[in-house]
Amino acid sequence: MSNMEGVQARVQESVNKTLNTLDKEHLRKIQREMFLCSAACCEKDSYSMDDVQRCLDSCGQPIGKAQNYIQGELQNFQDRLQRCAMACQDQVRDKVTPQSTEGEVVKLKQEMEACVVQCASSHIDMMPGMLNRIKQTLNSRSYTS
């Protein structure tokens, strides 16, 4: 496995660990509430078909909003990581000239890979803080506003 593949695997493992934690500690509880709410909608004999559907739609909103919130946070993380990696690429690209030897190009490629690995490591280090922020937001239900 190359250095770049290894760092990609580490980032993916960190993201998966975060998602599993969020699923077990928060999303499943919200899903449970949705299903209980949905069951209650179906038990209302006085509701019309449209009323039941509106009730069911309303029950599904919190989980949808929570999932959208988490997806937005993960997209922001991925965007930041990608910008960091692109900055590495730009730094190296600025050093390459038409006169660059093959040896210099190899060194610059290694420099870029080291920079990307550093980006990944620093972003993996950010995951616990991001996880805590997401947990706090999910606990406060402030993602629903």
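The structure this text deals with has already been given above.
I would appreciate a short explanation of the overall build of the chain in the present structure.
For the chain, the count of helices and strands is three helices and zero strands. When the helices and strands of the chain are placed in sequence order, the string is α-α-α. The C-alpha radius of gyration of the chain comes to 23 Å, more than 25% above the 15 Å expected for a compact globule of 145 residues. Projected onto its principal axes, the C-alpha positions of the chain cover 80 × 25 × 25 Å. The buried share among the 145 residues of the chain stands at 30%. The averaged location of the 19 negative side-chain charges in the chain is 5 Å from the averaged location of its 18 positive side-chain charges.

Teacher, can you tell me more about the layout of surface pockets here?
To locate leftover empty space, one rolls a probe as large as a water molecule over the atoms. Taken as a whole, the largest pocket holds about 490 Å³ of empty space. Taken together, 19 residues line the largest pocket, and the ones lying closest to its centre are Gln8, Val11, Gln12, Gln78 and Leu81. Of all the secondary-structure elements, those providing two or more residues to the lining of the largest pocket are helix H1 (3–43), helix H2 (49–93) and helix H3 (102–140). Taken together, the residues of the lining of the largest pocket break down into 12 nonpolar, seven polar and no charged.

Got a minute to help me understand the pattern of salt bridges in this structure?
Between side chains of opposite charge, a pair can form as their charged atoms come close. Per the counting criterion, the structure on display carries seven salt bridges. Residue Arg54 pairs with Asp51 through a salt bridge whose shortest N-O separation is 2.5 Å. Separated by three residues within a single helix, Arg54 and Asp51 lie in helix H2, roughly one turn from each other.

Quick question: what am I supposed to make of the side chain of Lys135 here?
With respect to the helices and strands, the residue Lys135 is situated in helix H3. Not counting the four nearest positions on each side in its chain, Lys135 is found in contact with Thr21, Leu22, Glu25 and His26.

Please explain the nonpolar core as it appears in this structure.
Nonpolar side chains in soluble globular proteins tend to end up buried together. If you look at the biggest cluster of nonpolar residues, it comprises 29 residues, and the most contacted ones within it are Val11, Ile70, Ile134 and Leu138. Of all the secondary-structure elements, those providing two or more residues to this core are H1, H2 and H3. When neighbours within four sequence positions are excluded, Val11 is seen to be in contact with Phe77, Leu81, Ala120 and Ile124.

Can you walk me through the state of the cysteines in this structure?
Between two cysteines, a covalent bond joining their sulfur atoms is known as a disulfide. All chains considered together, the criterion is met by four disulfides. In this model Cys37 forms its disulfide with Cys59; the gap between the sulfur atoms is 1.9 Å. One quick way to see it: the torsion about the S-S bond of Cys37 and Cys59 is about -65°, and its sign makes the bridge left-handed. A residue pair is termed long-range when its members are at least 10 positions apart, and Cys37 in helix H1 and Cys59 in helix H2 qualify at 22 residues. Taking relative accessible area as the criterion, Cys37 reaches 32% and is therefore assigned partly exposed. One disulfide bridge connects Cys41 with Cys55, the sulfur atoms lying 1.8 Å from each other.

The rules behind each value
- Residues numbered from 1 in each chain as written.
- Predicted model: local features only at pLDDT ≥ 70, side-chain atom pairs only at ≥ 80, totals over all residues.
- Heavy atoms only, no water.
- Helix = DSSP H or I, 4+ residues; strand = E, 2+ residues; numbered from the N terminus.
- Rg over C-alpha atoms; globule rule 2.2 N^0.38 Å.
- Buried < 20%, exposed > 50% of the residue type's maximum accessible area, 1.4 Å probe, protein only.
- Lys, Arg positive; Asp, Glu negative; His and termini not counted.
- Charge placed at Lys NZ, Arg CZ, Asp CG, Glu CD.
- 1 Å grid on protein atoms, 1.4 Å probe; cavity = no way out; pocket = protein on both sides within 12 Å on 5 of 7 lines; lining within 4 Å.
- Points joined across faces, edges and corners; volume = space filled by probe spheres on them.
- Nonpolar A, V, L, I, M, F, W, Y, C, P; charged D, E, K, R; others polar.
- Salt bridge = Lys/Arg side-chain N within 4 Å of Asp/Glu carboxyl O.
- Contact = heavy atoms within 4.5 Å.
- Core = buried A, V, L, I, M, F, W, Y, C linked by side-chain atoms within 4.5 Å.
- Disulfide = S-S within 2.5 Å.

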